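Summary of structural features
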Amino acid sequence: LVLPLGPPTKDPAAPPPPPRPDATGTARIAGEILDAVSGRPIRNARLLLLPIEGQRITNWTRTNSQGRFEYTSLQARRYTLRAEADRFVTLEYGQKRPGETGSQIQLRDGEDFRADIKLPRGSALAGTLLDEFGDPAPSVLVQVAQRVYAAGRHRLMPMGGRLQTAPTDDRGRYRIS
């Protein structure tokens, strides 16, 4: 099967898009996104820079082949920076593990801020549920929880502060990543 390429969707004669209204500052954030275990750079990781106050314009970018990224022409204000990549856990700048609070980045005019983030590899729990006769148990809701000591007794609490669930398939299998 061969599909011919269609015409370009963007008019090459069209003017460039207008500059972002928030790209009026002189500050810069740059850094690397690295694999927390191997220390290797993660290419094509997605980053989201959000100002804490004022106009909340989303600012997405990706890392290059060396895992580096850069935001320029930033206004002096506070920001949060989130990094995500396939097969890795999403973290904010300053987080060491999921469930913790990230650090805000306070920028001043003309400042160059270095923001390196190490992402841990993602993992998954998988298994098969069987009923009392040894047959697959389909459509059973599986939840991930951890045992914690709270309010004077042991309790089961959702992992990472959020409820993770997955139903079993027709063969009784589940997978939660």
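All residue numbers refer to positions counted from 1 along the written sequence of the respective chain. For a predicted model such as this one, the threshold for reporting local features is a pLDDT of at least 70, and the threshold for listing and counting side-chain atom pairs is 80 or more; totals across whole chains, interfaces and linings nevertheless cover every residue. For side-chain calculations, the full set of non-hydrogen atoms in the structure is used, while hydrogens and water are omitted.

On to the overall build of the protein chain, then. Secondary structure assignment for the protein chain yields zero helices and 14 strands. Only DSSP runs of H or I reaching four residues or more are called helices, and only runs of E reaching two or more are called strands; each is numbered from the N terminus. In the protein chain, the succession of α and β elements from N to C terminus is β-β-β-β-β-β-β-β-β-β-β-β-β-β. For the exposure calls, accessible area comes from a 1.4 Å probe over protein chains only, and a residue counts as buried if that area is under 20% of its type's maximum, exposed if over 50%, partly exposed in between. By the burial criterion, 28% of the 177 residues in the protein chain qualify as buried. Just so you have it, the protein chain exposes about 12,300 Å², and 51% of that area is on carbon and sulfur atoms. Residue-level accessible areas treat just the shown protein chains as cover; the underlying method is Shrake-Rupley with a 1.4 Å probe.

This part is about the pairing of strand 1 (residues 27–35). The element strand 1 is extensively covered by neighbouring structure, given that eight of its nine residues are classed as buried. A strand pair is defined by DSSP finding two or more bridges across the two strands. Bridge count for strand 1 against strand 4 (residues 68–74) is five bridges, and the pairing is antiparallel. For A30, the partnering residue across the bridge sits in strand 4 and is E70. Bridging between strand 1 and strand 9 (residues 117–119) involves three bridges; their strand directions are parallel. Across the sheet, the residue bridging to I33 is I117, located in strand 9.

The subject of this paragraph is the environment of A36. The topology assignment puts A36 in the loop between strand 1 and strand 2 (46–51). Note on A36: relative accessible area 38%, which makes it partly exposed. Spatially, the C-alpha atom of A36 lies 5.0 Å from that of P120, the residues being 84 residues apart in sequence. Ignoring any residue separated from it by four or fewer positions in sequence, one finds A36 in contact with K118, L119 and P120. The contact criterion used throughout is that any non-hydrogen atoms of two residues lie within 4.5 Å.

Let's shift gears to the packing of aromatic side chains. The criterion for an aromatic pair is that two Phe, Tyr or Trp rings (for Trp, the six-membered ring) have centres within 6.5 Å, with stacked assigned to planes under 30 degrees apart, edge-to-face to planes over 60 apart and tilted to the rest. The final tally for this structure, using the stated rule, is two aromatic pairs. Plain terms: the ring middles of F69 and Y71 are 6.2 Å apart, the flat faces sit at 70° to each other, and that makes the pair edge-to-face. A single burial state applies to F69 and to Y71, both of which are buried. On the basis of an interplanar angle of 75° and a centroid distance of 5.7 Å, the ring pair of Y93 and F113 is categorised as edge-to-face. Placement of the pair is Y93 in the loop between strand 6 (91–92) and strand 7 (105–106) and F113 in strand 8 (residues 112–114), with a sequence separation of 20 residues.

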